[in-house]
Amino acid sequence: MPLGRRELIFSVNCFAAAMLALFASFALGLERPFWAMMTVYITSQPLSGAVRSKAVFRLAGTIVGAAATVILMPPLANSPVLLSLALAAWVGLCQFVSLLDRTPRSYLFLLAGYTAALIGFPSVSHPETVFDTAVLRAEEIGIGVICAALVHAVVFPRSVTPLLAARAATLLAEAESWIADALSLHPPARTARERRRMAADVTELHVMATHIPFDTAARRPTRALLAALRQRFALMLPLVSAIEDRMRSLGTTDGIADELAAVRTLAAGEGDAADIRARCLSRAEALPLAGWDDLVRLNLLHRLAELVDALQDARALTRSLDNPSAYKITAAPVTAALHRDVGLAGLSALATLVATLGCCALWIATAWPEGAVAAMIAAVVCCLFSTMDDPIPAQRSFLIWTIVSLPVAALYLFAILPRVTDPMLLVLVLAPVMLPIGAFMALPRWYGRALPLAIGLVGGLALTNRFAADFAGFVNGSIAQLVGVAAAMAATRLFRSLGAGAMVRRLRAAGRRDFAALRDQHSPAALARWIARMLDRVGLIAARLGDVTDDGRDEAAATLRELRLGVTLAQLEDGATGSLRADIAAHVAGRRDAAPLLARLDDAIDTAWRDHARPLLAALTGLRRNAFPDAAAWVPGHAA
């Protein structure tokens, strides 16, 4: 992406907020104004609502981390080993919790962790100052986040709400295009790509929605409206995929061509939804049932009727984002459930613990004055990239751009800043380097390079009320930074580095384990949460398909099939099918043999066939098709 007007405005806002924070700290006589300046660049985001949410979570996390340091330091001040272990364990614990959250709120836990490292390790040699340092850190961070939130909210703010509405409209258009393609007699090859993109976009919509409470827009959509919208889009994914599967199974549109054409017309924005839904259900009731293919048609017609409802609801909810008060949600919103990988979070915390303690061991063994810097940088770098499958490339990039920042910082520190005697002159000499960095931070592709450049430069300058340039201290501190990043990379490679294929397998295994819990959940809210979690996994797999082999793509297709199966299972009523539902859920989780279960399912279809229970027949047909896609067709009279 080229640099444009928005990127330049963002950069000017960042620089203005950084200078405001810097001079506010100068005026208040605080000891480390560069903390406030650095906070502005770390907190700033292109969306003003995201800046405010990140500012709130950063300040709250800083206060929690500072409080934890004040509690841990005094009793352990005379035992460096125990103190190092306690601080590293606290960082690892907070990182573990943050990785289980997977929303912008996780930033609070992350900050609570590495703030303790930033305050605690430098205070080891002077434990009596830890309280003052903790208060100073909270004050500087508070100034930084207030300045960032204020400037980004006042000067050409970019609201989250209209962007969310535009994203929902785009997602709706994607869904309509996918429906039209999927329901064609000969679906184009792009339908698989459309399905994967939609799965990823639904999860992205949820993450964007978490910034809404902090947005600057005067009229914001309610939590219930956003939850309802997300649920409708989430439901469309298994519905359309089920319809695609039934059409492939039949190989023809005989007997359902008119209904398929009507739904395609509806996806194009024409036709009456209520009439089309009624036609699908009427055709399902009148359909002659002579064999397996007719049952597949019956199931397909019921899924078409559900798809019409989901599509119309999604349209109404998307339109209501522009006028939230016009749409009333009567049902209680369902809390979104996202995938959590406890094992991977534990490995990430272990890598952080080992990297931090390794630096502490080097520090204690050599009595290196800057050892504290290495320990706290190791903790920070481990935390910053812990959400990635393989953090090593990002950590390597962080190391490279930190190295790039050092000569620039040295040039300013020893050649330019000693000649600066006026505040306005300071602004003028910093602008030529900070403005380009801020502009590139607005580009997603360059953010991972520009941010360490900004952090390294601001940290290297270490601007305070009393300018002092110590070459030996600068070199020592720079080496300590590089040692900390290297330690983080070594520990991550040892404990935490995973490829995309391994992550896909972990996601699939987690989904299969969820089936054991699904068999005991019957409420609509429980089903909605289960769908959201499975859909999140589909999106996470979809985002990795470009980096996996054909086996990984097979895992993604199987996960989507299991999503359809889970939706059908949860819709079955208790009673005669209750034990069957539990056994199928256990089968998918790998706890039941296939052959006896297939026979029981065929017996249940026989019973429903004799009882003319068409809705139950439609559900059981979907179960059989999803659980045993390669099984031979069911034959009437199987029980006999």
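Going by the structure above, here's the rest.
Residues numbered from 1 in each chain as written. Predicted model: local features only at pLDDT ≥ 70, side-chain atom pairs only at ≥ 80, totals over all residues. Heavy atoms only, no water.

Tallying secondary structure elements over the protein chain gives 24 helices and zero strands in all. Burial status across the protein chain gives 54% buried among its 640 residues. By sequence separation, contacts in the protein chain at least 24 residues apart represent 79% of the contacts at least 6 residues apart. With an accessible surface of roughly 26,600 Å², the protein chain has 61% of that area assigned to carbon and sulfur atoms. (Helix = DSSP H or I, 4+ residues; strand = E, 2+ residues; numbered from the N terminus. Buried < 20%, exposed > 50% of the residue type's maximum accessible area, 1.4 Å probe, protein only. Contact = heavy atoms within 4.5 Å. Areas by Shrake-Rupley, 256 points an atom, 1.4 Å probe, with all protein chains shown as cover.)

Let's shift gears to empty space enclosed by the protein. Scanning the model with the defined rule gives four cavities of 30 Å³ or more in all. Considering only enclosed or pocket space, the largest cavity measures out at about 90 Å³ in volume. Around the largest cavity sit 14 residues that line it, and Ala242, Arg303, Arg564, Val567 and Thr568 are the ones nearest its centre. Where the lining of the largest cavity is concerned, the elements lending two or more residues are helix H9 (223–250), helix H12 (292–320), helix H21 (550–571) and helix H24 (614–627). Here the residues of the lining of the largest cavity sort into five nonpolar, five polar and four charged. (1 Å grid on protein atoms, 1.4 Å probe; cavity = no way out; pocket = protein on both sides within 12 Å on 5 of 7 lines; lining within 4 Å. Points joined across faces, edges and corners; volume = space filled by probe spheres on them. Nonpolar A, V, L, I, M, F, W, Y, C, P; charged D, E, K, R; others polar.)

Our next topic: the packing of helix H11 (residues 273–286) against H12. When two helices pack together, you describe them by how their axes are tilted relative to each other and by the distance separating the axes. The interhelical angle for the contact between H11 and H12, taken along N-to-C directions, is 165 degrees, at an axis separation of 8 Å. The orientation of H11 relative to H12 falls into the category roughly antiparallel. Here the hand of the crossing between H11 and H12 comes out left-handed. In this structure, H11 uses Ala273, Ile276, Arg277, Cys280, Leu281, Arg283 and Ala284 to contact H12, whose residues at the interface are Leu298, Leu301, His302, Leu304, Ala305, Val308, Asp309 and Gln312. Of the residues contributing to the contact of H11 with H12, the split by class is 10 nonpolar, two polar and three charged. (Axes fitted to C-alpha atoms, helices over the stretch in contact; angles between N-to-C directions. Parallel < 35°, antiparallel > 145°, perpendicular 65-115°, else oblique. Left-handed = near helix turned anticlockwise from the far one by under 90°.)

What follows deals with the packing of helix H13 (residues 342–366) against helix H18 (residues 471–495). Contact pair H13 / H18: the axes reach a minimum separation of 8 Å and the direction vectors enclose 140 degrees. Between H13 and H18, the angle is such that the two are oblique. Pair H13 / H18 crosses with right-handed handedness. Mapping the contact onto sequence places Leu347, Leu350, Ala351, Val354, Ala355, Cys359 and Leu362 in H13 and Val483, Gly484, Ala487, Ala488, Ala491, Thr492 and Phe495 in H18. Taken together, the residues of the contact of H13 with H18 sort by class into 12 nonpolar, two polar and no charged.

Unlike most non-glycine residues, alanine 367 shows phi in positive territory, near 55 degrees. With respect to the helices, strands and loops of the structure, alanine 367 is situated in the loop between H13 and helix H14 (371–384). The phi dihedral of alanine 462 falls on the positive side, at around 45 degrees, and the residue is not glycine. Along the chain, alanine 462 falls in the loop between helix H17 (444–461) and H18. Judged by its relative accessible area of 30%, alanine 462 falls in the partly exposed class.

Next up on the list: the packing of aromatic side chains. Going through the model one piece at a time under the given rule, you end up with nine aromatic pairs. Note on phenylalanine 121 and tryptophan 363: the rings are 6.2 Å apart at their centroids and 75 degrees apart in plane angle, and the pair reads as edge-to-face. In this pair, phenylalanine 121 is assigned in the loop between helix H5 (106–120) and helix H6 (130–154) and tryptophan 363 in helix H13, connecting sequence segments 242 residues apart. The same class applies to phenylalanine 121 as to tryptophan 363, namely buried. Three or more aromatic residues link up through ring pairs in this structure, and these residues are Trp401, Phe440 and Trp446. Positioned above the aromatic ring of tryptophan 292, the side-chain terminus of arginine 624 is 5.0 Å from the ring centre. (Phe/Tyr/Trp six-rings, centres within 6.5 Å; stacked < 30°, edge-to-face > 60°. Lys NZ or Arg CZ within 6 Å of the ring centre and 35° of its normal.)

Attention shifts here to the pattern of salt bridges. Taken as a whole and assessed by the stated rule, the structure comprises 11 salt bridges. Note that arginine 246 is salt-bridged to aspartate 245, the shortest N-O span being 2.6 Å. A single burial state applies to arginine 246 and to aspartate 245, both of which are buried. Beyond isolated ion pairs, a larger network of salt bridges with shared partners links Asp245, Arg246, Arg248 and Arg625. (Salt bridge = Lys/Arg side-chain N within 4 Å of Asp/Glu carboxyl O.)

Taking 1.5 Å as the rise per residue, H24 with 14 residues should run 20 Å; its terminal C-alpha atoms sit 20 Å apart, in good agreement. Of all the positions in H24, only Arg614, Leu617, Ala618, Ala619, Leu620, Thr621, Gly622, Leu623, Arg624, Arg625, Asn626 and Ala627 are classed as buried. (Expected span 1.5 Å × (residues − 1).)

Further remarks concern the environment of alanine 487. Along the polypeptide, alanine 487 turns up in helix H18. Look at alanine 487 and you get buried, because its relative accessible area is 19%. Spatially, the C-alpha atom of alanine 487 lies 7.4 Å from that of glycine 358, the residues being 129 residues apart in sequence. When sequence neighbours within four positions are dropped, the list of residues in contact with alanine 487 reads Ala355, Cys359 and Ala378.

Attention shifts here to a nonpolar patch on the surface. Where nonpolar side chains cluster on the molecular surface, the patch consists of Leu20, Leu150, Val154, Val155 and Phe156 and spans about 470 Å² of accessible area. With respect to the helices and strands, the residue valine 154 is situated in helix H6. (Patch = residues over 30% accessible without salt bridge, like charges linked within 9 Å, V, L, I, M, F, W, Y side chains within 5 Å.)

With respect to the helices and strands, the residue glutamine 481 is situated in helix H18. Assessed through its relative accessible area of 18%, glutamine 481 is described here as buried. Between the C-alpha atom of glutamine 481 and that of alanine 375, which follows or precedes it by 106 residues, the distance is 8.8 Å. For glutamine 481, the contacting residues outside a window of four places in its chain are Val373, Ile377 and Thr402.

Taking 1.5 Å per residue, 14 residues should reach 20 Å; H11 reaches 20 Å between its end C-alpha atoms and fits that length. All of the buried residues in H11 are Ala273, Ile276, Cys280 and Ala284. Down the axis of H11, the sector holding all buried residues measures 75 degrees, keeping them to one side. Facing away from the buried surface of H11 by more than 90 degrees, the exposed residues are Ala274 and Ala286. Looking at the buried residues of H11, the elements they touch are helix H10 (257–267), H12 and H24. (Arc of directions from axis to C-beta.)

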